[in-house]
Amino acid sequence: MSDDEEEAKIESRLEGEDIYSPSEEFKKQANVNDPGIYEYAEENYEEFWADKAERLDWYEKWDEVLNWDAPHAEWFVNGKLNVSYNCIDRHVENGEGDKTAIIWEGEPLDETVEYTFSELQDEVSKFANALKDMGVEKGDIVTFYLPMVPELAIGLLACARIGAPHSVVFGGFSPSALNERINDAESKVLVTADGYYRRGGEIEMWEKAQEGVEDTPPLEKVVCVDRLGRDEVELDGDEEVYYHDIVEDQPTECEPEKMDAEDMLFLMYTSGTTGKPKGVVHTTGGYLTGVSATHDWVFDIKDDDVYWCTADIGWITGHSYIVYGPLANGTTTVMYEGTPDHPDKDRFWQIVEKHEVSKFYTAPTAIRMFMKWGEEYPEKHDLSTLKVLGSVGEPINPKAWKWYYEHIGGGECPIVDTWWQTETGMMMITPLPGITDLKPGSATKTFPGLKADVLDEDGNSVPTNEGGYLVVKRPWPSMLRTLYNEPERYVSTYWSEYDEETYFAGDGARIDEDDYFWVVGRLDDVLNVAGHRLSTMEMESALVDHPAVAEAAVVGKPDDMKGQVPVGYVILDSNYEPSDELAEELRGHVGEIIGPIGKPHAVRFSEDLPKTRSGKIMRRILKKLEKGESAGDTSTLRNPDIVEELKEKVSE
Ligand code: WTA
């Protein structure tokens, strides 16, 4: 076939479908631009990952790349390394000590703090020494409940340095969520702050933390970061200390602990389909290999990049792609404390311009918000330093994709739509910007060497373009190893839907005629609200915790901005009457228990809920009502009449 014919064929195939191919110029300079890498990695899976692990510094090499005793994996068996050494010291030793490691941008304008790799080494060592002085030993879990302050990144690296796994609880979570996580992890130390700035105001954190540490028998020490600089928190005796006081006189040297590749690096609680959050366990060697390799290739990382991921470190995205991936690669990483609309709706673009950001990673919910605010905000700033744009957290709708491409990327930056999860640790389905032809809305293909599929209920691959369950068919280095204290739940949640070799992601997807993946979202009772993962079960238990509530069901309602918002259906206790005030009170109650992000968008009172004959609430029907769809077959319900009544309530 001639080139012309070939091109015509491609043209006709693509008719009606937007394809964005990398420019020749981009391809030429890309870290990886040979599509042959997919075939190579497929055929040499373990060597491929061993090569990636070689990018790190090891005290001792592994005996075996992978030991797969399904569904339990060990990667780089018997290898020894330290994550903090790999993220900091080795760059200093390679002459990069004066390079900027972290650019921290506070919410108040012009409050910027920069740390070079050498300075980061000093700060991390000091805090690591302070932790040791407090009695933290290898294997002890340290809990963090902090806003986006530099001490959070420093704290994680300090823990990694001494082999103490960390558990970060998102600062927007409630005291009771913090309490549950401290106790579950049996943490001896909590690191928190007095407060932080949000939209120009000061937000209290210390009081929330105080509430969270009530009834936490294992806890011995609380460290307070004086973010607001007021020095006015009332510290209680020896148990509560200021961060600045305990690091002040510490030496700037702290020998990194030689960790086994399979030692736990951190624990991250995430919502599951029951009320109890799951403690996802990530380990050392495989995790760092996975996040550094994907960060390098997916963002096409260069030495002089300024990379900014807008996530909060309280979520996995911040762990993998603000802290560990970028720093392992010696990349300058930006951390921002505040919101995108303070002091005005151009704050992000002001930061991009100010620091000449070249790689930018954000969430679809933010992009849709920028779109609503209008292109005049990005237009005020010079965004020409941007080279690659990323998206994560939920499916990105093609309209938002194109807006991002045009108004942020100036029509020149590839967009990497990356599908992954807390459990996968690293990006799994993602374009490689120097190779992949992009289709807006599709996360495209698996990262080289990985294997994913979409199955029907019986475990057969679904035909092209038909929907099914997304699965991963091969272990990968940064996969979760287990659920903390719940090894059986690890097997039953992820490896039992089909067989023990097939990882069940809980997402729905389809594969198109070009083998591109289109992820549609969760198929279980997990909601994705503005990129935050929330369990409907947790919200339901928060509702029934209120004396007025006899029974409750929470489902997701599609939302233009946030993707989904929670809606609560409530049957009241006979002593209570429905009212707007009560609905408001219940919303507030859930917000108190889970945190503001869990606050239901609406509460709908009803005499009854659609139930099966055995009494199970049919949430599926409620979901359909919220989507404005027909309820479908209701004949198997014990109380089909209630559906019509509810339908009217929803349309009100
Ligand atoms: C969703 C965040 C479509 C998905 C890294 C997944 C996505 C859940 C994408 C994990 C994407 C994440 N396209 N859906 N590019 N990225 N998701 O654990 O439903 O907070 O299961 O990890 O987010 O959320 P988590």
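Bear in mind the structure is a predicted one, so any value in this text is a computation, not a measurement.

Some points on the nonpolar core
Alright, step 1. Among the nonpolar cores identified, the biggest contains 159 residues, and Trp49, Phe127, Phe144 and Tyr324 are the most heavily contacted of them.
Alright, step 2. If one sorts the elements of this core by residue count, helix α7 (residues 150–162) sits on top with nine residues.
Alright, step 3. Per-domain counts for this core show at least three residues from each of domain 1 (84–98 + 120–266) and domain 2 (530–651).
Alright, step 4. Sequence-distant contacts of Phe127, defined by excluding residues within four places in its chain, comprise Phe144, Ile154, Gly155, Ala158, Val191, Tyr243, Ile246 and Val247.

Description of the pairing of strand β14 (residues 264–270)
Alright, step 1. Judged by how many residues are buried, β14 sits mostly within the fold: seven of seven residues are covered.
Alright, step 2. Bridging between strand β7 (residues 166–168) and β14 involves two bridges; their strand directions are parallel. Looking at the pairing, Ser167 lines up with Leu267 of β14.
Alright, step 3. In terms of strand pairing, β14 meets strand β15 (residues 278–283) through six bridges, oriented antiparallel. Bridge assignment links Met268 to a residue of β15, and that residue is Val280.

Comments concerning the site of the ligand
Alright, step 1. Near the ligand lie 17 residues; those nearest to it are Asp417, Thr418, Thr422, Asp507 and Arg533.
Alright, step 2. At a separation of 2.9 Å, an oxygen atom of the ligand approaches a polar side-chain atom of Gln421.
Alright, step 3. Bound to the protein, the ligand loses 97% of the 530 Å² it would expose on its own.
Alright, step 4. When contributions to the shell around the ligand are tallied by element, the ones reaching two or more residues are α12 (316–328) and β25 (517–522).

What to know about the domain arrangement of the chain
Alright, step 1. For the chain, the assigned domains read domain 1 (84–98 + 120–266) and domain 2 (530–651).
Alright, step 2. Once you take the C-alpha centre of each, domain 1 and domain 2 turn out to be 38 Å apart.
Alright, step 3. Residue-level contacts link eight residues of domain 1 with seven residues of domain 2.
Alright, step 4. Of the roughly 450 Å² buried between domain 1 and domain 2, counting both surfaces, carbon and sulfur atoms make up 54%.
Alright, step 5. Broken down residue by residue, the surface that domain 1 buries against domain 2 is led by Phe170, Phe173 and Ser174, which jointly contribute 60%.
Alright, step 6. Between domain 1 and domain 2 we count zero salt bridges in total.
Alright, step 7. Viewed at the interface, domain 2 and domain 1 are joined by three residue pairs in polar contact (both at pLDDT 80 or more).
Alright, step 8. Split into classes, the residues belonging to the side of domain 1 that touches domain 2 amount to four nonpolar, three polar and one charged.

The rules behind these values
Per chain, residue numbering runs from 1 following the sequence as it is written. Reporting of local features is limited, given that this is a predicted model, to residues whose pLDDT is at least 70; pairs of side-chain atoms are given and counted only at 80 or more, and all residues count toward the totals for whole chains, interfaces and linings. Hydrogens and water molecules were not included; the side-chain quantities draw on all heavy atoms of the structure. Take the buried residues of types Ala, Val, Leu, Ile, Met, Phe, Trp, Tyr and Cys, join any two whose side-chain atoms come within 4.5 Å, and each joined set is a nonpolar core. Type-normalised accessible area, obtained with a 1.4 Å probe on protein chains alone, sets the label of each residue: buried when under 20%, exposed when over 50%, and partly exposed for intermediate values. Helix and strand definitions follow DSSP, with helices as H or I runs of at least four residues and strands as E runs of at least two, each counted in order from the N terminus. For each domain, the first and last residues come from an automatic or database assignment. In what follows, a contact means two residues having at least one pair of non-hydrogen atoms within 4.5 Å. In this description, strands pair whenever DSSP reports at least two bridges between them. The near set for a molecule or strand comprises every residue that places at least one heavy atom within 4 Å of it. In the analysis that follows, any N or O atom pair within 3.5 Å is treated as a polar contact, provided that within protein one partner can donate a hydrogen and the other can accept it, and provided that, for residues neighboring in sequence, both atoms belong to side chains. Residue exposure ignores everything except the shown protein chains as possible cover, and the areas themselves are Shrake-Rupley values with a 1.4 Å probe. Once two parts are put together, the accessible area they lose, assessed with a 1.4 Å probe and summed over both, is termed the buried area. Any Lys or Arg side-chain nitrogen located within 4 Å of an Asp or Glu carboxyl oxygen qualifies as a salt bridge. Gly is placed with the polar residues, together with every amino acid not listed as nonpolar (Ala, Val, Leu, Ile, Met, Phe, Trp, Tyr, Cys and Pro) or charged (Asp, Glu, Lys and Arg).

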